[in-house]
Amino acid sequence: MSYKMFRSVLLATALCSPAAALALLDGEGRETVEAVCSACHGVHLIERSSGYSREDWQFLTSTMIDLSDDPEMQGEILDYLAESFPPSDTRAATPVSGPLTLRFEEWRVPTPGQRARDPVEAPDGGIWWVGQWMDILGRIDPETGAMEEFDLPAGARPHSVNIGPDGAVWYTGNRNATMGRFDPATGEITEYPMPQAAARDPHTAEFDANGILWFSLQGSNMIGRLDPATGEVRLVPSPRDGARPYGVKISADGTVWVACNGANCLLRLDPETMEVSEIALPDRGTTVRRLDIDEDGIIWWVNSGLGRLGRYDPTTGDIQEWASPSGPDSHPYAIAVFDGAVWYNESGVRPDMLVRFDPEAEAFQSWPIPSGPVHAGILRHMRRTLDGEALLIHQSGTNHIARVTVQRGD
């Protein structure tokens, strides 16, 4: 967020949202921090951080808002944050060593405060992302580092992005109840509104082999289907109230699999009939942010509620789980099958850890995810590059997009 944009909302925030910051520690600068930070997010996020030095707080806040026009205010904020929230082991991760070495390539996107997320690779090698909080669609040329940003319709609050078979860029309009199509050649945007008023929040989407776009609607408790050839949108409800459909993946046979972020279940949708069936998962408290499917058709999922990694075999019905290294509060989030293993992150700890699980050895290894010079932000979605040689990840809290590769010996 620019300083100009910030000033337009500061007064309203200070007048209308003081209760959001009552938990902050007393100290000089507290009221300024309450007003500035709560203009974009709850100040509880500050308390839940692991704390930073003044230098690192300066970097971290610079990814959210540009206060260079008011150095006095900036100094007041940084002094308060550094004194009240210094480095600590709050919510410390439990790293696991192992034989592999990773390479992280990072790009910080241009507009601060946009919450960049969900990078995906296009056939030309460009990496697209969405800036959810600022209605932005962006593209990185990873060869040169050049970046472009495009304005999406105001209020869309894009949650995820996909590349269609025709090369168009599709995004989910999470706050304006649309699916959107962006034509990279012309810049033209086409919106596809939801056909029901109850369908409020397109969330995560995936194309199937026939070019049909399937998507979840978490708060609306629905799953949707969009045919780009006709523009037709069809919706079906989840069989369980409060299931909160979240992550979506398509199996080799065309079956649509959806994670339940509000209940202990997975959802399976028949692409022909759109009939939805539920696979109950064990243990109350289980919730599933995302899932992925390996080459054998096995469903791997993160048990976000209980801090576990799960495996479901659709053929036998067998379910297995493994405790994540950082424990039951580690909140596994994103997941991808990559390089012969299952990769996910632990978002409930600091730093946000990238975890690798070897299914054959049933062994873990993990790495802290960098966000520039700090460990901050959160990874909400990860996907493979088209050649299968790298993972695309992000740190939305610091507006970084990253590409991860496994370093091999000569």
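Residues numbered from 1 in each chain as written. Predicted model: local features only at pLDDT ≥ 70, side-chain atom pairs only at ≥ 80, totals over all residues. Heavy atoms only, no water.

Caption draft 1: Molecular detail of the state of the cysteines. A full pass over the atoms with the stated rule returns 1 disulfide. Here cysteine 260 connects covalently by a disulfide to cysteine 265, the sulfurs 2.3 Å from one another. Across the S-S bond linking cysteine 260 and cysteine 265, the dihedral sits near -100°, which makes this disulfide left-handed. Grouping residues by exposure puts cysteine 260 and cysteine 265 together as buried. Counting only cysteine sulfurs, cysteine 40 is the nearest neighbor of cysteine 37, a cysteine outside any disulfide, at a range of 8.5 Å. Overall, cysteine 40 belongs to the partly exposed group, its relative accessible area being 28%. (Disulfide = S-S within 2.5 Å. Buried < 20%, exposed > 50% of the residue type's maximum accessible area, 1.4 Å probe, protein only.)

Caption draft 2: Representation of the sheet that holds strand E3 (residues 127–131) within the structure. Spatial ordering of the open sheet is given by E2-E3-E4-E5, a layout of 4 strands whose pairing is antiparallel. Where the open sheet ends on each side, the last strands, each with one partner, are strand E2 (116–121) and strand E5 (147–151). Mean inter-strand twist for the sheet, computed between neighbouring axes without regard to direction, equals 20°. (Pairing = 2+ DSSP bridges. Helix = DSSP H or I, 4+ residues; strand = E, 2+ residues; numbered from the N terminus. Axes fitted to C-alpha atoms, helices over the stretch in contact; angles between N-to-C directions.)

Caption draft 3: The arrangement of a negative patch on the surface in detail. A contiguous patch of negative charge, built from Glu28, Glu72, Glu76 and Glu83, is present on the exposed surface. Relative to the helices and strands, glutamate 28 is located in the loop between helix H1 (3–16) and helix H2 (30–37). (Patch = residues over 30% accessible without salt bridge, like charges linked within 9 Å, V, L, I, M, F, W, Y side chains within 5 Å. Areas by Shrake-Rupley, 256 points an atom, 1.4 Å probe, with all protein chains shown as cover. Salt bridge = Lys/Arg side-chain N within 4 Å of Asp/Glu carboxyl O. Lys, Arg positive; Asp, Glu negative; His and termini not counted. Charge placed at Lys NZ, Arg CZ, Asp CG, Glu CD.)

Caption draft 4: View of unusual backbone geometry. Cis peptide bonds are those with omega within 30 degrees of zero, and the linkage from arginine 350 to proline 351 qualifies with 0°. Located in the positive-phi region is aspartate 339, a residue other than glycine, with phi close to 55°. Mapped onto the secondary structure, aspartate 339 falls in the loop between strand E22 (332–338) and strand E23 (341–346). Classification of aspartate 339 as partly exposed rests on a relative accessible area of 31%.

Caption draft 5: Focus on the environment of tyrosine 246. Residue position: tyrosine 246 is located in strand E14 (residues 245–250). Residues tyrosine 246 and proline 370, 124 residues apart in the sequence, show an inter-C-alpha distance of 26 Å. Residue contacts for tyrosine 246: discarding those within four places in its chain leaves His203, Thr204, Ser216, Gln218, Val258, Ala259, Asn261, Val288, Arg289, Arg290 and Tyr333. In terms of polar contacts, tyrosine 246 uses its side chain to reach the side chain of tyrosine 333, at 2.6 Å. (Contact = heavy atoms within 4.5 Å. Polar contact = N/O pair within 3.5 Å; in protein donor to acceptor, adjacent residues only side chain to side chain.)

Caption draft 6: Representation of the confidence of the model for the chain within the structure. When pLDDT is averaged across the chain, the result is 93; 94% of the residues are at 70 or more. When mean pLDDT is compared element by element in the chain, strand E11 (residues 213–217) scores highest at 99, while H1 scores lowest at 39. Segment residues 3–22 is flagged for pLDDT under 50; beyond a separation of four residues in sequence, or across chains, it makes 26 contacts in the model. (pLDDT = per-residue confidence, 0-100.)

Caption draft 7: Spatial organisation of the environment of leucine 379. Tracing the backbone through its elements, the reader meets leucine 379 in the loop between strand E25 (363–368) and strand E26 (383–384). Placed 262 residues apart in sequence, leucine 379 and arginine 117 show a C-alpha to C-alpha distance of 7.9 Å. In this structure, leucine 379 is in contact with Tyr333, Ala334, Asn345, Asp352, Ile369, Ile393, His394 and Gln395, ignoring residues within four places of it in sequence.

Caption draft 8: Expanded view of the nonpolar core. Val33, Ile46, Trp57, Ile77, Leu81 and Phe85 are the most contacted members of the largest nonpolar core, which has 20 residues in total. Elements supplying a minimum of two residues to this core: H2, helix H4 (54–62) and helix H5 (71–84). When residues of this core are assigned to their parent elements, the largest contribution, 5 residues, is made by H5. Residue contacts for isoleucine 46: discarding those within four places in its chain leaves Val33, Cys37, His41, Trp57, Leu81 and Phe85. Counting 17 residues, the second-largest nonpolar core is a separate cluster that includes Trp343, Ile369, Leu391 and Ile393. (Core = buried A, V, L, I, M, F, W, Y, C linked by side-chain atoms within 4.5 Å.)

Caption draft 9: Highlighting empty space enclosed by the protein. Scanning all chains against the criterion turns up 1 cavity of 30 Å³ or more. Of the voids in this model, the largest cavity is the one considered here, and its volume is about 40 Å³. Lining the largest cavity, in full, are Cys40, His41, Met64, Gly113, Gln114, Arg115, Trp133, Ser396, Gly397 and Asn399. Classifying every residue of the lining of the largest cavity gives 3 nonpolar, 6 polar and 1 charged. (1 Å grid on protein atoms, 1.4 Å probe; cavity = no way out; pocket = protein on both sides within 12 Å on 5 of 7 lines; lining within 4 Å. Points joined across faces, edges and corners; volume = space filled by probe spheres on them. Nonpolar A, V, L, I, M, F, W, Y, C, P; charged D, E, K, R; others polar.)

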